[in-house]
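Tertiary structure, described
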Amino acid sequence: MQKDAYTLILEAIDAGLYRPGDRLVESELAERFGVSRTPVREAMQRLETQAMLARDGRSLIVASLDHNQLAELYVVRAELEALAARLAAKHAAPEEIRVLQDMIDSDRAQQDDPIALSRANKRFHRQLHLASHNRYLVQQLDLVHRSMALLATTSLAAEGRGSMALDEHQAIVDAIGAGDAEAAASALRHHISQAFETRLKLDAEARTEHP
């Protein structure tokens, strides 16, 4: 099935082809994706209403998150993902748990490659969401992770964070495999808290380097 302009632009932002602050030009997007300008224009308007794009004079740019927005996003993410982990501990099939474990095992080889590990991390969290077996929760988490694409860097770029994140993933999967809903939720909250703390440190270092 052919993807529409909205999905194509959203995926390009998520993949880092367009980063926060980048200007999006209707004609260039139409040419890149091989679609006419009308659906591109409509998609850009839709993305603006969803706060994925922002006005910069007469242009539209990829939005960025300020400190307060970042904090709010992580609060919501922690609670929704913890719920997903809790439900996964109750409803995940053995096969789903094995898939999560296989992901961790294969991701170990990428722990020193932040870009590759970031992609793998998205796949892991998406698989965990599906293991919750709650379509409404999955939809809400999709929205949260869409907003995560507005972060210019990955917290996995911090030294040693890749290995720590995979250890945290292991604790989550261990709890899900044991059917311990509360432990799974707690491990997930700890994981998100560590990611948030790491991102705050990275942002503070960036401000020091570029005051």
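Residues numbered from 1 in each chain as written. Predicted model: local features only at pLDDT ≥ 70, side-chain atom pairs only at ≥ 80, totals over all residues. Heavy atoms only, no water.

You'll find the protein chain entered in an unreviewed UniProt entry as GntR family transcriptional regulator, with Rhodobacter viridis given as the organism.

Once that is clear, we can look at the overall build of the protein chain. Secondary structure summary: the protein chain contains nine helices and three strands in total. Beginning at the N terminus, the succession of helices and strands in the protein chain can be written as α-β-α-α-β-β-α-α-α-α-α-α. By the compact-globule yardstick of 17 Å for 211 residues, the protein chain fits well, its C-alpha radius of gyration being 18 Å. Of all 211 residues assigned to the protein chain, the portion counted as buried reaches 44%. Across the protein chain, every contact between residues at least 6 apart in sequence was considered, and the portion connecting residues at least 24 apart equals 74%. (Helix = DSSP H or I, 4+ residues; strand = E, 2+ residues; numbered from the N terminus. Rg over C-alpha atoms; globule rule 2.2 N^0.38 Å. Buried < 20%, exposed > 50% of the residue type's maximum accessible area, 1.4 Å probe, protein only. Contact = heavy atoms within 4.5 Å.)

Here the focus is the packing of aromatic side chains. This structure, assessed with the given rule, holds one aromatic pair. Arranged with centres 4.7 Å apart and planes meeting at 15°, the rings of Tyr74 and Phe196 form a pair that is stacked. Of the two residues, Tyr74 sits in helix 4 (residues 67-91) while Phe196 sits in helix 9 (residues 181-209), which places them 122 residues apart along the sequence. Here Phe196 falls in the buried class, since its relative accessible area comes to 18%. (Phe/Tyr/Trp six-rings, centres within 6.5 Å; stacked < 30°, edge-to-face > 60°.)

Now for the pairing of strand 2 (residues 53-56). In the sheet, strand 2 pairs with strand 3 (residues 59-62) via four bridges, with the strands oriented antiparallel. Residue pairing in the sheet places Asp56 in a bridge with Ser59 of strand 3. Hairpin connection between strand 2 and strand 3: a loop of two residues separates the two successive antiparallel strands, and Gly57 in this loop has a positive phi of roughly 70°. (Pairing = 2+ DSSP bridges.)

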